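# Examination of the molecular architecture
Residue-level listing of the chains:
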Amino acid sequence: MRAVLIVNPNATSTTPAGRDLLAHALESRVKLSVVHTDHRGHAVEIAQQAARGGVDVLIVHGGDGTVNEVVNGILGELGPGSAGPAVGVVPGGAANVFARALGISPDPTEATNQLVDLLGEYRRTKTWRRIGLMDCQERWGVFTAGMGVDGDVVAAVEAQRAKGRKVTASRYIRVAVREMLANARREPSLTLHLPGRDPVPGVHFAFVSNSSPWTYANRRPVWTNPGTTFETGLGVFAITSMNVWANLRVVRQMLARTPRLEAKHLIRDDDLDWLRVTSDTPVACQIDGDYVGLREQMKFTAVADALAVVAPPPVGD
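Residues numbered from 1 in each chain as written. Predicted model: local features only at pLDDT ≥ 70, side-chain atom pairs only at ≥ 80, totals over all residues. Heavy atoms only, no water.

## Some points on the overall build of the protein chain
- A count of helices and strands for the protein chain gives 8 helices and 16 strands.
- The C-alpha atoms of the protein chain give 19 Å as radius of gyration, which agrees with the globular expectation for 317 residues (20 Å, within 12%).
- Dimensions of the protein chain along its principal axes, counting C-alpha atoms only, are 55 × 45 × 35 Å.
- By residue count, 53% of the 317 residues in the protein chain fall in the buried class.
- Residue pairs in contact within the protein chain that sit at least 24 positions apart in sequence constitute 73% of those at least 6 positions apart.
- Per element, the accessible surface of the protein chain, about 14600 Å² overall, is 50% carbon and sulfur. (Helix = DSSP H or I, 4+ residues; strand = E, 2+ residues; numbered from the N terminus. Rg over C-alpha atoms; globule rule 2.2 N^0.38 Å. Buried < 20%, exposed > 50% of the residue type's maximum accessible area, 1.4 Å probe, protein only. Contact = heavy atoms within 4.5 Å. Areas by Shrake-Rupley, 256 points an atom, 1.4 Å probe, with all protein chains shown as cover.)

Below, the structure is given as structure tokens:
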């Protein structure tokens, strides 16, 4: 089995010792090549070349942004549902949402042991787990996207990272609170379009999910669409009021151990084939925690069984 280990050496929690340990462990199971990324978009290029070369597995040691690049490289080269490389992840970023949603441990050492066991299991079954993804038109989304305040937060965090500041959960939360308060003074510009329903105007922001939880505050999951998984359609979470007290209640629900997300100003669904968000003016957008710029509309489509992954089976299987 041929594998390429794609390492982002600048990811938040990667270390030289950890990378060496990971490579050593994998070499006992696969014929391994190791490549380090050195610029934005490099993981896309590496994944494209590996897909063309018939590599069996691409293992990402980095954060969610590196994972997104690898997935887009594979699907851009071969298309969804192809027999291209399976993607494995050993978390190396700050939140590692994708890996944790797949059932991979956030601890790199434990995740390495999981990965080795899963590669051994594949030798027996010859079957990878397959997951659905989001077609965001301009690129593939792995676990989340957003328009409005969500995009503003990601843009602000990226600006702080560009200044050399470490992005932690607490810093992210501070930025999110600041952007939420700033958006509270603005008129809503978004309209939400869902299958078989009338358009919903007056939306302040919309989150789109391909899995759950939506993100993590350190070890604590933050929920928007608990019923959305890699095996369902897409989830949507949208707000039509920026009333501070009403949204504080929603935030408490998002952080609850058993989330029940209900509010008059909250629009939610957990299993959509597609949805579209339009705006009166260009608004900030993000895909998988990566700021993609200002957009007046975006369409998201669920594509089942799009990608092979090295991961445990879904909970309940």
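## Topic: the side chain of His 204
- Tracing the sequence through the fold places His 204 in the loop between β9 (200-203) and β10 (205-209).
- The exposure class of His 204 is buried, given its relative accessible area of 13%.

## Focus: the environment of Ile 267
- Along the chain, the position of Ile 267 falls in strand β14 (residues 266-272).
- According to the relative accessible area criterion, Ile 267 is buried, its value standing at 15%.
- C-alpha separation for the pair Ile 267 and Val 236, spaced 31 residues apart in sequence, amounts to 7.4 Å.
- Setting aside residues up to four positions removed in sequence, Ile 267 forms contacts with Leu 192, Leu 194, Val 200, Val 203, Val 236, Phe 237, Ala 238 and Thr 240.

## Things to note about the pattern of salt bridges
- This structure, assessed with the given rule, holds 9 salt bridges.
- With its nearest N and O atoms 2.3 Å apart, the salt bridge here joins Arg 40 to Asp 290. With a gap of 250 residues between them, Arg 40 in the loop between β2 (31-36) and α2 (42-52) and Asp 290 in strand β16 (residues 290-309) connect regions that are remote in the sequence.
- A residue is classified by how much of its surface remains accessible, and Asp 290, at 15% relative accessible area, is buried. (Salt bridge = Lys/Arg side-chain N within 4 Å of Asp/Glu carboxyl O.)

## A look at helix α3 (residues 64-78)
- Taking 1.5 Å per residue, 15 residues should reach 21 Å; α3 reaches 21 Å between its end C-alpha atoms and fits that length.
- When you tally the buried positions in α3, you get 11 out of 15 residues, the bulk of the element.
- In the stretch just after α3, Gly 79 is the one whose phi turns positive, near 85°. (Expected span 1.5 Å × (residues − 1).)

## Regarding the packing of aromatic side chains
- The tally for this structure, following the rule as stated, stands at 5 aromatic pairs.
- Here Tyr 122 and Trp 128 contribute two aromatic rings whose centre-to-centre distance is 3.8 Å and whose plane-to-plane angle is 5°, an arrangement assigned as stacked. Each member of the pair, Tyr 122 together with Trp 128, is buried.
- Here the aromatic residues Phe 205, Phe 207, Trp 214 and Phe 237 are joined through ring pairs into a cluster of three or more. (Phe/Tyr/Trp six-rings, centres within 6.5 Å; stacked < 30°, edge-to-face > 60°.)

## What about empty space enclosed by the protein?
- Summed over all chains, the structure comprises 1 cavity of 30 Å³ or more.
- Empty space within the largest cavity amounts to approximately 40 Å³.
- Lining the largest cavity are Ile 74, Leu 75, Ser 82, Gly 84, Pro 85, Arg 130, Ala 306, Leu 307 and Ala 308.
- Contributing elements (two or more residues each) for the lining of the largest cavity: α3 and β16.
- Across the lining of the largest cavity, the residue classes break down as 6 nonpolar, 2 polar and 1 charged. (1 Å grid on protein atoms, 1.4 Å probe; cavity = no way out; pocket = protein on both sides within 12 Å on 5 of 7 lines; lining within 4 Å. Points joined across faces, edges and corners; volume = space filled by probe spheres on them. Nonpolar A, V, L, I, M, F, W, Y, C, P; charged D, E, K, R; others polar.)

## Looking at the confidence of the model for the protein chain
- On average, residues of the protein chain score 90 in pLDDT, and 97% of them are at 70 or above.
- Mean pLDDT values for the elements of the protein chain range from 70 in helix α7 (residues 169-183) up to 98 in strand β5 (residues 129-135). (pLDDT = per-residue confidence, 0-100.)

## Some thoughts on the layout of surface pockets
- Quantified by volume, the second largest pocket comes out at close to 280 Å³.
- Lining the second largest pocket are 18 residues, and of these Ala 101, Arg 129, Ser 212, Thr 229 and Val 315 lie nearest its centre.
- Residue composition of the lining of the second largest pocket, grouped by class: 10 nonpolar, 5 polar and 3 charged.

## Observations concerning the pairing of strand β1 (residues 2-7)
- A large share of β1 lies buried, amounting to 5 of its 6 residues.
- Note that β1 and β2 share 6 bridges and pair parallel. In the sheet register, Val 4 faces β2, and the bridge partner there is Ser 33.
- Looking at chain direction, β1 and strand β3 (residues 57-62) are connected through 5 bridges and run parallel. Bridging from a neighbouring strand, Leu 5 pairs with Ile 59 of β3. (Pairing = 2+ DSSP bridges.)

## Observations concerning the nonpolar core
- Grouped together as the largest cluster of nonpolar side chains are 52 residues, with contacts concentrated most on Leu 26, Leu 58, Val 70, Phe 98 and Leu 133.
- Setting aside chain neighbours within four positions, we find Leu 133 in contact with Val 71, Leu 75, Trp 140, Gly 141, Val 142, Asn 210, Thr 301, Ala 302, Val 303, Ala 306 and Leu 307.
- Counting 23 residues, the second-largest nonpolar core is a separate cluster that includes Met 134, Ala 145, Met 147 and Cys 285. (Core = buried A, V, L, I, M, F, W, Y, C linked by side-chain atoms within 4.5 Å.)

## Things to note about unusual backbone geometry
- Pro 213 follows Ser 212 through a cis peptide bond whose omega is 0°.
- Turning to its location among the elements, Pro 213 is positioned in the loop between β10 and β11 (215-217).
- Look at Asp 288: it is not a glycine, yet its phi comes out positive at around 55°.
- Along the chain, Asp 288 falls in the loop between β15 (274-287) and β16.
- Positioned with a positive phi, Asp 305 is a non-glycine residue whose angle comes to about 50°.
- Examined against the element boundaries, Asp 305 turns out to sit in strand β16.
- On the basis of relative accessible area, Asp 305 is assigned to the partly exposed category, the value being 47%.

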